[in-house]
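Architecture and fold: a report
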Amino acid sequence: MSQPPRIEHDMIGEISVPADAYYGAHTARALINFPITRETLADRPHLVVALAAVKQAAAAANAEVGALDRTRAEAITAACAEIRAGALREQFVVDLIQGGAGTSTNMNANEVIANRALELLGHRRGEYSFLHPLDHVNLGQSTNDVYPTAVKLALDRHLAELLAVLGGLREAFSAKASEFADVLKMGRTQLQEAVPMTLGQEFGAFAATLAEDEQRLAEARLLLHELNLGGTAIGTGLNARPGYRELTVGQLRSLTGIPTLVSSPDLIEATQDVGVFVQLSGVLKRVAVKLSKICNDLRLLSSGPQAGFGEIILPARQAGSSIMPGKVNPVIPEAVNQIAFEIIGNDVTVTLAAEGGQLQLNAFEPIIARALTGGLDHLTAGIRVLTELCVHGITANREHLAATVTASNGLVTALGPALGYETACTIALEAHHSGRPALDLVRERRLLTEEQLRALTTPEALTGRRTA
């Protein structure tokens, strides 16, 4: 038979908590108040690990400044270490969207850590007279410095993963750029044929634009490393012992392996300001927009395949229609497009949440955290899928590309300096209306010699590509 629930209390009154739960009254209350998304802290493991790291660093610092006895500090530290290693993840049950500026999240962490620490000390869950979630686990802290610090640490981990897969995608495009270095094609502006280029140059541009985004993400990541931990409620440091602030940030540097973590020079400003999240969201939007544009290009270049551009062939991943036999759709780029739309929408959410902050605190950090962590999860997964299931398998439709270059009036641009603009324009228009290749018309009229034509239409001359 299951055990009867234990009765705990908070300032509102008594409330029942499942007997086997590591969380307590404040978390149980939040479960009633915020049945919003059904996404919980457990769905954001980086955030759970970050919360445990903050609590572990705080316990160690409080012990060092004499605010917390060694026995309780060691029990709290041990409980946090277990959680950071993956234990008790399912006990982080509060909804990601919540009122209270993240208070329910902080309470959930305090209670789980306290009850596990009680067990390690030989006591039962809920026996808070021996070790209390607020008096000991939350000592010298407030939700208002714990929560944003944990969110920043979680986002740092998310960005490390995103940068890794983005680098992999860049390398995949670079490899294709080398593979397609000798494949001539027509470049296009406004969807109309412009001048020749190589397919390798097109894919090389994809790699170059991703490299720029890696740099912008790295810059935004560094901004996350300025913390308001130690500021407690509004940045004044009330209830934190002298020396605690510096020691806690130092402990976090050691626990997280992030050497650039620093304490903000103005904790009051840092507690109310969420500009770093706005900055990061903007950079993520930039990445999403550019990645979506690349996916648009991949879909367009592979369109048809018979009646469209048909210049590249994407790997066939699944049947594309329940009614049209043989149809294959560009499902991987389409999925990434949709993730990009989500990131762009998230940026609006983050912007409005940041603008809605008032006075010494922004109450809307939970929706900011949900938008950024969720978007980063999806973007990382989408880029990984795009790399592995699409880009690695792209092939060039070489014969079709060669034929389109030969037939295109875009070659006339290369002859312009030798023919003059008016003559080149006349040739291009006649070729367009007659359907005959422009080079044939030039030869018929003996406007250029074969030697001149060969010199002007080599791949190197047409594309600016230099051979070694």
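Please refer to the structure higher up on the page.
Since the structure is predicted, the reported quantities are computational estimates derived from the model, not experimental observations. (Residues numbered from 1 in each chain as written. Predicted model: local features only at pLDDT ≥ 70, side-chain atom pairs only at ≥ 80, totals over all residues. Heavy atoms only, no water.)

Structural notes on the overall build of the protein chain
Within the protein chain, the secondary structure is distributed over 18 helices and eight strands. Dimensions along the principal axes, computed over C-alpha positions, put the protein chain at roughly 100 × 55 × 40 Å. Considering the protein chain as a whole, with its 468 residues, one finds that 46% of them fall into the buried category. For the protein chain, the share of sequence-separated contacts (at least 6 apart) that also reach a separation of at least 24 residues comes to 71%. (Helix = DSSP H or I, 4+ residues; strand = E, 2+ residues; numbered from the N terminus. Buried < 20%, exposed > 50% of the residue type's maximum accessible area, 1.4 Å probe, protein only. Contact = heavy atoms within 4.5 Å.)

Brief notes about a nonpolar patch on the surface
Among the surface-exposed residues, Val289, Phe341 and Ile344 lie close enough to one another that they form a single nonpolar patch of about 260 Å² accessible area. As for its position among the elements, Ile344 is in helix α11 (residues 331-355). Ile344 gets classed as partly exposed once you look at its relative accessible area, which sits at 32%. (Patch = residues over 30% accessible without salt bridge, like charges linked within 9 Å, V, L, I, M, F, W, Y side chains within 5 Å. Areas by Shrake-Rupley, 256 points an atom, 1.4 Å probe, with all protein chains shown as cover. Salt bridge = Lys/Arg side-chain N within 4 Å of Asp/Glu carboxyl O.)

Structural notes on the environment of Glu311
Among the structural elements, Glu311 can be located in the loop between α10 (275-301) and β7 (312-313). Along the chain, Glu311 and Ala402 lie 91 residues apart, while their C-alpha atoms are 9.9 Å from each other. Each residue touching Glu311, except ones within four places of it in the same chain, is listed here: Lys185, Arg188, Leu301, Ala396, Asn397, His400 and Leu401.

Concerning the pattern of salt bridges
Counting across every chain of the model gives 28 salt bridges. Arg157 is paired through a salt bridge with Asp156; the nearest N and O atoms lie 2.7 Å apart. Exposure remark for Arg157: the relative accessible area of 35% places this residue in the partly exposed category. Notably, a salt bridge pairs Asp440 with Arg443, separated by 3.5 Å at the nearest N-O pair. Here the residue Asp440 and the residue Arg443 both occupy positions in helix α16 (residues 438-444), the gap between them amounting to three residues, near one helical turn. On the accessibility criterion, Asp440 (31% relative accessible area) is partly exposed. Judged by relative accessible area, Arg443 falls into the partly exposed class, the value being 36%. Linked through salt bridges whose partners overlap, the residues forming this network are Glu82, Arg116, Glu119 and Arg125.

Overview of the pairing of strand β3 (residues 184-189)
Examined bridge by bridge, β3 and strand β4 (residues 192-198) share five bridges and lie antiparallel to one another. Paired with Leu184 across the strands is Thr198, a residue of β4. (Pairing = 2+ DSSP bridges.)

What to know about the pairing of strand β1 (residues 6-10)
The side-chain alternation of β1 yields one buried face, formed by Arg6, Glu8 and Asp10, and one unburied face, formed by Ile7 and His9. Pairing geometry for β1 and strand β2 (residues 13-17), over five bridges, is antiparallel. Bridging across to β2, Glu8 finds its partner in Ile15. Taking the residues between adjacent antiparallel strands as the criterion, β1 and β2 are bridged by two residues.

Considerations on the nonpolar core
Generally speaking, soluble globular proteins have nonpolar side chains that are buried together. Phe173, Phe203 and Leu386 are the most contacted members of the largest nonpolar core, which totals 108 residues. A total of 16 residues in this core trace back to one element, the largest contributor, which is helix α6 (residues 143-179). Once you skip the residues sitting within four places of it in the chain, Phe173 turns out to touch Phe203, Phe206, Ala207, Leu210, Ile294, Leu298 and Val391. Counting 16 residues, the second-largest nonpolar core is a separate cluster that includes Leu411, Leu415, Ala424 and Leu441. (Core = buried A, V, L, I, M, F, W, Y, C linked by side-chain atoms within 4.5 Å.)

What about helix α3 (residues 70-84)?
For α3, built from 15 residues, the straight-helix expectation of 21 Å at 1.5 Å per residue is met to within 8% by its first-to-last C-alpha distance of 21 Å. Those residues of α3 not exposed but buried are Ala73, Ala75, Ile76, Ala79, Cys80 and Ile83. Taken around the axis of α3, the buried residues stretch over an arc of 165°, which confines them to a single face. Pointing more than 90 degrees away from the buried face of α3 are the exposed residues Arg70, Thr71 and Glu74. Taken together, the buried residues of α3 touch α2 (45-64), α4 (103-120) and α5 (133-137). For α3, the side-chain oxygen to backbone nitrogen distance between the N-cap and Thr71 is 3.2 Å, and the N-cap itself is Asp69. Downstream of α3 by a residue or two, Gly86 has a phi angle that is positive, lying close to 115°. (Expected span 1.5 Å × (residues − 1). Arc of directions from axis to C-beta. Polar contact = N/O pair within 3.5 Å; in protein donor to acceptor, adjacent residues only side chain to side chain.)

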